[in-house]
Amino acid sequence: MFTATLIASGTLTAGDISTAMDRLRDAGCAPGASGWIDQGDAADLIFGMAPDAARVALEGAFAATDVVVQSSLTRTKTLLVADMDSTMITVECIDELADYAGIKPQIAEITERAMRGELDFEAALDARVALLKGLAESDIERCLAERVTIMPGAKALVRTMRARGALAVLVSGGFTRFAEPVAKAIGFDRAIANVLQIEDGVLTGTVTKPIVGSNTKLTTLRAAIAERGIAVEESLAVGDGANDLAMIEAAGLGVAYHAKPIVAAAAAARIDHGDLTALLYAQGIAKQHWVVD
């Protein structure tokens with residue numbers, strides 16, 4: 001059996017669910033039962049076959065509604081591996097650091113191209129960090145305090161999953177000076193990121209090698225699956241950029257979150273409209289069971 005979860009923000013109606021069931025029937029998916037997770041916000045549709053056809057039939061069919069299609073048996077996840085920049089926080093930290101150096105447009109353009117998969121991530125990171133040479137170390141703390149905002153739904157997602165026994169790992173192509181405090185604030189078990197090299201209170205324009213990139217993210221996912229002794233299907237990976245694609249494709253449920261086109265096209269699920277609590281609804285967890293501040 002399979003579950004298609006419709007996720008909106010108070011706009012879902014009983015009529016939408018009925019229409020969705022009709023679309024599943026017309027697509028040959030053998031629909032069965034349906035029901036609310038939270039009325040108006042999320043609903044589950046159960047069906048018997050053709051999950052790819054179900055996704056095609058439902059995605060884009062309802063305004064401002066995200067759709068997650070997966071096996072009913074493995075929708076509960078016991079591992080979360082997440083990207084940080086533009087996923088767990090609302091900004092790209094290197095772009096914001098660049099603003100303190102007066103070169104944000106120059107660096108932001110490289111970041112955007114790297115996240116779209118147009119540039120090699122590691123080479124692009126080296127190039128961007130080199131441009132930050134001479135920036136004061138104190139600007140890192142200023143940037144963290146003034147620019148870094150946690151993504152809506154991030155705390156609820158991580159804290160709820162951990163309360164239910166899951167492991168949560170933040171793995172970022174950004175920097176430990178941001179990832180470690182962000183991970184602590186949100187509630188992750190651990191954080192993995194690049195180390196900016198600093199001497200005499202200023203950035204040297206280099207990072208410690210090897211660079212945390214796509215391969216590190218994939219390796220982290222696989223290692224965590226082995227560490228927990230779980231099936232791949234129990235894992236959830238979420239990110240927005242091209243360097244997240246390998247782990248997204250390898251996870252039991254790989255989610256493109258407000259993602260670049262290359263990632264959105266390849267991921268098993270897309271969240272284009274909702275916040276990160278959509279990933280709790282994808283697991284069938286109603287709002288009354290979320291762990292929130």
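For the structure itself, look to the data block above.
Residues numbered from 1 in each chain as written. Predicted model: local features only at pLDDT ≥ 70, side-chain atom pairs only at ≥ 80, totals over all residues. Heavy atoms only, no water.

### Thoughts on the pairing of strand E8 (residues 196-199)
Moving on, step 1. Two strands pair when backbone bridges link them, and E8 and strand E9 (residues 202-207) are joined in this way by three bridges, in the antiparallel orientation. Bridged to Leu-196 within E9 is Val-207.
Moving on, step 2. Hairpin connection, E8 to E9: the antiparallel pair is bridged by two residues, and Asp-200 has positive phi, about 55°. (Pairing = 2+ DSSP bridges. Helix = DSSP H or I, 4+ residues; strand = E, 2+ residues; numbered from the N terminus.)

### So, the sheet that holds strand E1 (residues 2-7)
Moving on, step 1. Spatially, the four strands line up as an open sheet ordered E2-E3-E1-E4, and their pairing is antiparallel. Two strands in the sheet have a free side with no partner beyond their single neighbour: strand E2 (31-38) and strand E4 (66-71). The sheet shows a mean angle of 20° between the axes of neighbouring strands, direction not considered.
Moving on, step 2. Here six bridges tie E1 to strand E3 (residues 42-47), and the two strands are oriented antiparallel to one another. Bridge pairing links Ile-7 to Ala-42 in E3. (Axes fitted to C-alpha atoms, helices over the stretch in contact; angles between N-to-C directions.)

### Considerations on the sheet that holds strand E6 (residues 167-175)
Moving on, step 1. In spatial order, the strands read E7-E6-E5-E10-E11-E12; together these six strands make up an open sheet with parallel pairing. Each having just a single partner strand, strand E7 (190-194) and strand E12 (269-271) make up the two edges of the open sheet. Strand-to-strand twist in this sheet, taken as the mean axis angle between neighbours without regard to direction, amounts to 20°.
Moving on, step 2. Seen against the sheet, helix H9 (residues 214-228) touches strand E5 (79-82), E6, E7 and strand E10 (235-239) and runs at an angle of roughly 165° to E6. (Contact = heavy atoms within 4.5 Å.)

### Concerning the packing of aromatic side chains
Geometrically, a pair of aromatic rings is defined through the distance of the ring centres and the angle of the planes.
Moving on, step 1. For the structure shown, the criterion picks out two aromatic pairs.
Moving on, step 2. Taken together, a centroid distance of 5.6 Å and an interplanar angle of 25° make the contact between Phe-2 and Phe-47 stacked. With Phe-2 in strand E1 and Phe-47 in strand E3, this pair connects stretches of sequence that are 45 residues apart.
Moving on, step 3. Classification of Phe-47 as buried rests on a relative accessible area of 0%. (Phe/Tyr/Trp six-rings, centres within 6.5 Å; stacked < 30°, edge-to-face > 60°. Buried < 20%, exposed > 50% of the residue type's maximum accessible area, 1.4 Å probe, protein only.)

### A short note on the nonpolar core
Moving on, step 1. Counting 66 residues, the largest nonpolar core has Leu-80, Met-88, Leu-97, Leu-132, Phe-175, Phe-178 and Phe-188 as its most contacted members.
Moving on, step 2. Excluding residues within four positions of it along the chain, Phe-188 makes contact with Leu-80, Ala-82, Met-88, Val-158, Arg-162, Ala-168, Val-169, Leu-170 and Ala-183. (Core = buried A, V, L, I, M, F, W, Y, C linked by side-chain atoms within 4.5 Å.)

### Side note on the packing of helix H6 (residues 138-147) against helix H8 (residues 176-186)
Two measures define how a pair of helices packs: the angle their axes make with one another and the distance between the axes.
Moving on, step 1. Contact geometry for H6 and H8: axes closest at 10 Å, N-to-C directions at 40°. Here H6 runs over H8; the crossing is right-handed. Between H6 and H8, the residues in contact are Ile-140, Glu-141, Cys-143 and Leu-144 and Arg-177, Phe-178 and Pro-181, respectively.
Moving on, step 2. Of the residues in the contact of H6 with H8, the class split is five nonpolar, no polar and two charged. (Left-handed = near helix turned anticlockwise from the far one by under 90°. Nonpolar A, V, L, I, M, F, W, Y, C, P; charged D, E, K, R; others polar.)

### Considering the side chain of Thr-5
Moving on, step 1. Turning to its location among the elements, Thr-5 is positioned in strand E1.
Moving on, step 2. Of note is the side chain of Thr-5, whose polar atom sits 2.9 Å from the side chain of Asp-44.
Moving on, step 3. Ignoring sequence-local partners within four residues, the contact set of Thr-5 consists of Ile-37, Ala-43, Asp-44, Asp-66, Val-67, Val-68, Arg-75, Tyr-281 and Ala-282. (Polar contact = N/O pair within 3.5 Å; in protein donor to acceptor, adjacent residues only side chain to side chain.)

### Considerations on the pairing of E7
Moving on, step 1. In this structure, E6 lies alongside E7, joined through four bridges in parallel fashion. Bridging from a neighbouring strand, Val-169 pairs with Arg-190 of E7.

### Some thoughts on helix H7 (residues 154-163)
Moving on, step 1. For H7, the full list of buried residues reads Ala-154, Ala-156, Leu-157, Val-158, Thr-160 and Met-161.
Moving on, step 2. In this structure, the buried side of H7 is in contact with E5, E6, H8, E10 and helix H12 (278-281).
Moving on, step 3. Two residues or fewer past H7, Gly-165 is found with a positive phi of approximately 100°.

### Here we look at the pattern of salt bridges
Moving on, step 1. Taken as a whole, this structure holds 23 salt bridges when the rule is applied.
Moving on, step 2. The salt bridge involving Arg-116 is made with Glu-118; its shortest N-O contact spans 2.8 Å.
Moving on, step 3. With its nearest N and O atoms 3.0 Å apart, the salt bridge here joins Arg-190 to Glu-227. Of this pair, Arg-190 sits in strand E7 while Glu-227 sits in helix H9, placing them 37 residues apart in sequence.
Moving on, step 4. A relative accessible area of 48% places Glu-227 in the partly exposed class.
Moving on, step 5. Several salt bridges converge on common partners, so that one network encompasses Arg-55, Glu-59, Arg-270 and Asp-272. (Salt bridge = Lys/Arg side-chain N within 4 Å of Asp/Glu carboxyl O.)

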